[in-house]
Amino acid sequence: MERYFDKRMSAAGLYGYAPEEIIRLMAARFMGSHPAAPFIWRAWNENGIRFDDKARVHFDFAKRFPDAGIGQIVYAAGDLYCSVPKKTRFILTCSSPLSVWLNGKLLFRSNGFQERNGIPCEAEAALEKGFNRFLLRSECTAIGFGCTLQNAMPQWEPCHYILPFSERNGEAGFLYTAPVDPGCAPSEEVWKDREEASGLKWLPEPGRTPLREEGTFYAWTAWETPEGCEGAILPEETVLLDGCRPRRGDRVSPGRHEVLLFGTLLNLRRAVEGLPGRIVCPVHRFGDDRPLLVLGPCARACGDPAALARLGALYEDTAWRPDAEGMRLRPYAEVPLFGRWTYPLGVTLYGLLSAGRALEEKSIENYVLRHVRQVTEIQAYALWDRQKWGFPGVNQQLCWLDALDDCGSFGSLMLECDPEGCSPSIGRIADRIGAYMLREQPRTLDGTFCRCARRRTFLTGERPEPAR
């Protein structure tokens, strides 16, 4: 067998026959290369371009611009981050003439047959390390106006696009223009960092209008009280101060405090504006700099408000968002090998967990537990996000769930991390995986799981397709 590298550069060359030390070295290498990292939360505009639940980006310009004239053009632009250079494939469909550029180079141009028949077309793209900018040009015709864009393997290579240009501050999605005449093309500055220099006006407009909804809401903010501001009094709308329920008339010492309030939006804004010192957002996120997050409207107050003071909390079919019309907050797993639910990671982390326990190395075991906790505790939010807005930014394979690869290895790891069955999140995911395996995963006539097109199993009385 041909060598991959000189054996003198191997772990065995360093340690000799010392399997425990070699395993420690391998574990440290993996954890060091893929450190624990949180999800990235990004603002997202409901008026922006949307994904469906299969990760197709729908540039629905005929619907958005029903009065567009024949021959008018809409441009769209988005940035895609790639941690390493790689080649990947994208699937495009179009109902009108379409051109796509990637990092300034033409990637795809449609022809009349593709446009008339909506035939999916494949384009191979060479992504660079760092941010890769897509620019799409769609022309309005009598037969249609728009296109779709999808990575060829979205469950394995989920694409998290963010708005280009520094003015947008990392907001999620695509920018697009209103219809313009064919001669109104963007300048070369469209490949650079300043929106105002691109030569076109981009949509959606930044969400600046405060929420106009009626009812009662939670508000969450961080309050920085300066020295010399001894004894500031909490507003009566306060339900939590630094995670604890305050008493009426409590006074606050100088320093940073997290505050959770409940009431009407008008009263909440007045209460926050009346706090002495500085008000800042309590969590790190991109695309929005408002200091106040809101959750609601809520028909009633939550019995345990402490459970709400975190991103990813759901209450009465609502979640934390900026205090702005049309703006939402969505989580994204943007580190390649941490905070993701995939088959290869399930196998890898299962091995790390076993190694950590065998070697009594708590640092290895804790790394795995943190990874599993992060992906399982966000799953309820991921399913809600998918239902509301389309393809989620986290746990794509677990949300997709249409093959044993999507549940088996990581599901087994998940159960190993919760042997006593104490985690409600893990319990709910296990129940969902179990239901899928019992009722949906295809099988042969003798009941053996098989790889074939997803259909109901023989348990329902329907004959499955033969395995391929």
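Residues numbered from 1 in each chain as written. Predicted model: local features only at pLDDT ≥ 70, side-chain atom pairs only at ≥ 80, totals over all residues. Heavy atoms only, no water.

A. Expanded view of the pattern of salt bridges. Tallied over the full model, the rule gives 28 salt bridges. Residues Arg-290 and Asp-288 are paired through a salt bridge, measuring 1.9 Å at the closest nitrogen-oxygen approach. The class for Arg-290 is buried, based on a relative accessible area of 19%. Residue Asp-288 is classed as buried on the basis of its relative accessible area, which comes to 3%. Among the charged side chains, a network of salt bridges with common partners joins Arg-357, Lys-362, Glu-365 and Glu-416. (Salt bridge = Lys/Arg side-chain N within 4 Å of Asp/Glu carboxyl O. Buried < 20%, exposed > 50% of the residue type's maximum accessible area, 1.4 Å probe, protein only.)

B. Layout of the nonpolar core. Counting 36 residues, the largest nonpolar core has Phe-59, Phe-61, Phe-134, Leu-136 and Tyr-161 as the members making the most contacts within it. Where this core is concerned, the elements lending two or more residues are strand E3 (57-59), strand E4 (73-82), strand E5 (86-94), strand E6 (98-102), strand E8 (121-127), strand E9 (130-139) and strand E10 (147-151). The contact partners of Phe-61, leaving out residues within four places of it in the chain, are Ile-49, Val-74, Ala-76, Ser-138, Phe-145, Gly-146 and Tyr-176. Formed by 33 residues, the second largest nonpolar core is a distinct cluster that contains Ala-172, Leu-240, Val-283 and Met-327. (Core = buried A, V, L, I, M, F, W, Y, C linked by side-chain atoms within 4.5 Å. Helix = DSSP H or I, 4+ residues; strand = E, 2+ residues; numbered from the N terminus. Contact = heavy atoms within 4.5 Å.)

C. Region of the structure containing helix H11 (residues 424-439). Between its terminal C-alpha atoms H11 stretches 23 Å, which fits the 22 Å expected from 16 residues at 1.5 Å a residue. Looking only at H11, the buried set comprises Ser-425, Ile-426, Ile-429, Ile-433 and Tyr-436. Seen from one end, H11 has its buried residues packed into an arc of 90°, which puts them on one side. Every exposed residue of H11 that faces more than 90 degrees away from the buried side is listed here: Pro-424, Arg-428, Asp-431 and Arg-439. Buried positions along H11 lie against helix H7 (362-377), helix H8 (379-389), helix H9 (396-400) and helix H10 (408-416). (Expected span 1.5 Å × (residues − 1). Arc of directions from axis to C-beta.)

D. Just the packing of aromatic side chains, in detail. Following the criterion strictly, the structure yields 19 aromatic pairs and no others. Residues Trp-220 and Trp-320 carry aromatic rings whose centres are separated by 5.2 Å and whose planes lie at 50° to one another, so their mutual orientation is tilted. Of this pair, Trp-220 sits in strand E14 (residues 216-225) while Trp-320 is found in the loop between strand E22 (318-319) and strand E23 (321-322), placing the two residues 100 residues apart along the sequence. For Trp-320, a relative accessible area of 3% corresponds to the buried category. Grouped by ring-pair contacts, the aromatic residues Phe-51, Phe-59, Phe-61, Phe-90, Phe-134, Phe-145, Tyr-161 and Phe-174 constitute a single cluster. Between Arg-42 and the ring centre of Phe-286, over which it is positioned, the NZ or CZ distance is 4.9 Å. One cation-aromatic arrangement involves Arg-330 over Trp-44; the distance from NZ or CZ to the ring centre is 4.8 Å. (Phe/Tyr/Trp six-rings, centres within 6.5 Å; stacked < 30°, edge-to-face > 60°. Lys NZ or Arg CZ within 6 Å of the ring centre and 35° of its normal.)

In short, geometric facts, not functional conclusions.
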